[in-house]
Amino acid sequence: MRETPDELHRLQALLDASLARSTAHLRSIISSERTLTAEQLTGVLTGMCTLALSTVTAKGEPRISGVDGHFLHGKWHFGTAVGAAKARHLAARPAVSAAHLRGEELGVFTHGTVEVLNPHGGEPAADWPELLAYFRDFYGDDAFDWDNDVVYYRLHPQWMAVFAAAPAELGGKPGEAGQV
């Protein structure tokens, strides 16, 4: 778990507010017995988690693709090839939806906007060196030409909901918050 107490607090506030403003139908599925706290969620979402990422074309048509998602500091981070269609979509229209599903046991659903962490020819995010070190450690230092081949994003969630069929079975036990 890489989240600070403040990041966990913000994530919990987002989870609570998102569920509170959801439809009665969704609240009948995601109840307090079938969800995870922010602390539990960050304990479950470790390493790489495959995300179904939805973007929108210039014609307003939805597109969905898979990306390697990393849940760090209470937010999804993911990358793609610089020349990928999703990179063009995100450059023009940064609104996205993402879902991480583990069978019928876990569903994490997020809507928000993305921030480019390492813009080609632009100023990287302040925490990009820390994140780049994490990604290089995870994928290997030689996996990509990190400066030219890949673009990384941080999804700033405006809505997030978590369904957990059996929270205790997921191993979503509260842990201690800490730094990267």
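Report on the accompanying structure.

Rules used throughout
- Residues numbered from 1 in each chain as written.
- Predicted model: local features only at pLDDT ≥ 70, side-chain atom pairs only at ≥ 80, totals over all residues.
- Heavy atoms only, no water.
- Helix = DSSP H or I, 4+ residues; strand = E, 2+ residues; numbered from the N terminus.
- Rg over C-alpha atoms; globule rule 2.2 N^0.38 Å.
- Buried < 20%, exposed > 50% of the residue type's maximum accessible area, 1.4 Å probe, protein only.
- Areas by Shrake-Rupley, 256 points an atom, 1.4 Å probe, with all protein chains shown as cover.
- Polar contact = N/O pair within 3.5 Å; in protein donor to acceptor, adjacent residues only side chain to side chain.
- Phe/Tyr/Trp six-rings, centres within 6.5 Å; stacked < 30°, edge-to-face > 60°.
- Salt bridge = Lys/Arg side-chain N within 4 Å of Asp/Glu carboxyl O.

Some details on the overall build of the chain
Point 1. The number of helices and strands found in the chain is five helices and six strands.
Point 2. From first element to last, N terminus to C terminus, the chain shows the α and β order α-α-α-β-β-β-α-β-β-α-β.
Point 3. What you see for the chain is a C-alpha radius of gyration of 16 Å, in line with the 16 Å of a compact globule of 180 residues.
Point 4. In terms of overall dimensions, the chain has C-alpha extents of about 45 × 40 × 25 Å along its principal axes.
Point 5. For the chain, the proportion of its 180 residues judged to be buried stands at 41%.
Point 6. With an accessible surface of roughly 9,300 Å², the chain has 54% of that area assigned to carbon and sulfur atoms.

Observations concerning the side chain of H73
Point 1. Structurally, H73 can be placed in the loop between β2 (62-72) and β3 (75-81).
Point 2. The class of H73 is buried, set by a relative accessible area of 15%.
Point 3. From its side chain, H73 meets the backbone oxygen of R2 in a polar contact 3.3 Å long.

Observations concerning the packing of aromatic side chains
Point 1. Overall, the coordinates contain 11 aromatic pairs when judged by the stated rule.
Point 2. When the ring of Y134 is compared with that of F135, the centres are 5.4 Å apart and the planes differ by 75°; the resulting orientation is edge-to-face. The two residues Y134 and F135 agree in class, both being buried.
Point 3. Taking the centre distance of 6.0 Å and the plane angle of 70° together, the rings of Y139 and F144 count as edge-to-face.
Point 4. Judged by relative accessible area, which is 32%, F144 ranks as partly exposed.
Point 5. Ring pairs connect the aromatic residues W128, Y134, F135, F138, Y139, F144, W146 and Y152, which therefore count as one cluster.

So, the pattern of salt bridges
Side chains that differ in charge, positive against negative, can pair when their charged atoms come close.
Point 1. What the rule picks out here adds up to five salt bridges.
Point 2. When the shortest N-O distance is used, the salt bridge between D127 and R154 registers 2.8 Å. Taken together, the residues D127 in the loop between β5 (106-116) and α5 (128-139) and R154 in strand β6 (residues 150-164) connect sequence positions 27 residues apart.
Point 3. Under the relative-accessibility criterion, D127 is labelled partly exposed at 22%.
Point 4. For R154, a relative accessible area of 9% translates into the label buried.
Point 5. The residue R136 makes a salt bridge to D141 at a minimum N-O spacing of 3.1 Å.
Point 6. Its relative accessible area of 31% is what places R136 among the partly exposed residues.
Point 7. By relative accessible area, which is 47% here, D141 ends up partly exposed.

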